[in-house]
Amino acid sequence: MADTAVTTPLRSPLSRAADRLAAATRASGGTIRLAELPFLTQINVRLDPKGAAADAVGLALGLPLPVEPDTVVRAGELTALWLGPDEWLVVGPPGGQKDLESRVREAAGDEPVSVIDVSAQRTTLLVAGPRARDLLAHGCSLDLHPRVFGPGRCAQTNLGRTQVVLVARDDPRAGFWVLVRSSFAGHLTDWLLDAAVEWTG
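Residues numbered from 1 in each chain as written. Predicted model: local features only at pLDDT ≥ 70, side-chain atom pairs only at ≥ 80, totals over all residues. Heavy atoms only, no water.

1. Focus: the sheet that holds strand β10 (residues 176–181)
Judged by pairing direction, the sheet is antiparallel, and its five strands sit side by side in the order β1-β7-β10-β9-β8 without closing on themselves. Two strands in the sheet have a free side with no partner beyond their single neighbour: β1 (33–37) and β8 (154–159). In this sheet, adjacent strand axes meet at a mean angle of 30° when their direction is disregarded. By the bridge criterion, six bridges tie strand β7 (residues 122–128) to β10 in an arrangement that is antiparallel. Within the sheet, the bridge partner assigned to L125 lies in β10 and is V178. Running at roughly 155° to β1, helix α1 (residues 18–27) makes contact with β1 and β7 of the sheet. Contacting β1, β7, β8, β9 (162–168) and β10, helix α5 (residues 182–195) crosses the sheet at an angle of about 135° to β10. (Pairing = 2+ DSSP bridges. Helix = DSSP H or I, 4+ residues; strand = E, 2+ residues; numbered from the N terminus. Axes fitted to C-alpha atoms, helices over the stretch in contact; angles between N-to-C directions. Contact = heavy atoms within 4.5 Å.)

The following block contains the structure:
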């Protein structure tokens, strides 16, 4: 029997804003770079950081889960963000949800662990360029100076009155990830584009 199921192509929360983000990037002359990084795999992991599962999961993922508050560990294509004393967000390339989930569950064995695919909950905005920190500072109360919020730092905070997870990438030239709930992504994009007018004319 022929497969008659209708498949609808995935559409990212900011697919309609891609042209506006690209136009702002061009208009800034390289000062600001804005883009959506759609469909990144995002797995929420909760377990006892002092239990046997923590080390086993770290080995299975190829990176240790960070234990210092508001820090990030990156290895290869995976990034682990500290969200709380027993909570992490593991971010990877699109389409890796099932693989990551199974790796974490198998590594944890009989130890208590919570593994939830939250990939559809948020999208990711890239904010980069020499004035990226200045742009973010317009709507964020964190001290974003590189000595305080440098590479390898993350924080759950508000940006433009929107809850986000802000990540300083490990190379300063790589800028920042702004992880935002899909339902608020359009609002935050409008805010960023408005705040960027100083450099985009």
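Anyway, onward from the coordinates.
2. Quick word on the nonpolar core
Membership of the largest hydrophobic core comes to 30 residues, with the highest contact counts inside it found for L135, L136, V178 and L188. The set of elements that each furnish at least two residues to this core consists of α1, β7, α4 (132–137), β8, β9, β10 and α5. Of the residues forming this core, the biggest block, six residues, is contributed by α5. Residues L47, A54, L61 and V115 belong to the second largest nonpolar core, which totals 18 residues. (Core = buried A, V, L, I, M, F, W, Y, C linked by side-chain atoms within 4.5 Å. Buried < 20%, exposed > 50% of the residue type's maximum accessible area, 1.4 Å probe, protein only.)

3. A look at the sheet that holds strand β5 (residues 87–92)
Spatially, the five strands line up as an open sheet ordered β3-β4-β5-β2-β6, and their pairing is antiparallel. This sheet does not close on itself; its edge strands, each paired only once, are β3 (72–75) and β6 (113–117). Averaged over all pairs of adjacent strands, the angle between their axes in this sheet comes to 20°, without regard to strand direction. Of the strand pairs in this sheet, β3 and strand β4 (residues 78–84) are connected by four bridges, and their pairing is antiparallel. Note on β4: the bridge partner recorded for R74 is T79. The sheet strands contacting helix α3 (residues 97–108) are β2 (41–47), β4, β5 and β6, and the helix crosses β6 at an angle near 180°.

Take it as geometry only, folks, not as evidence of what the structure does.
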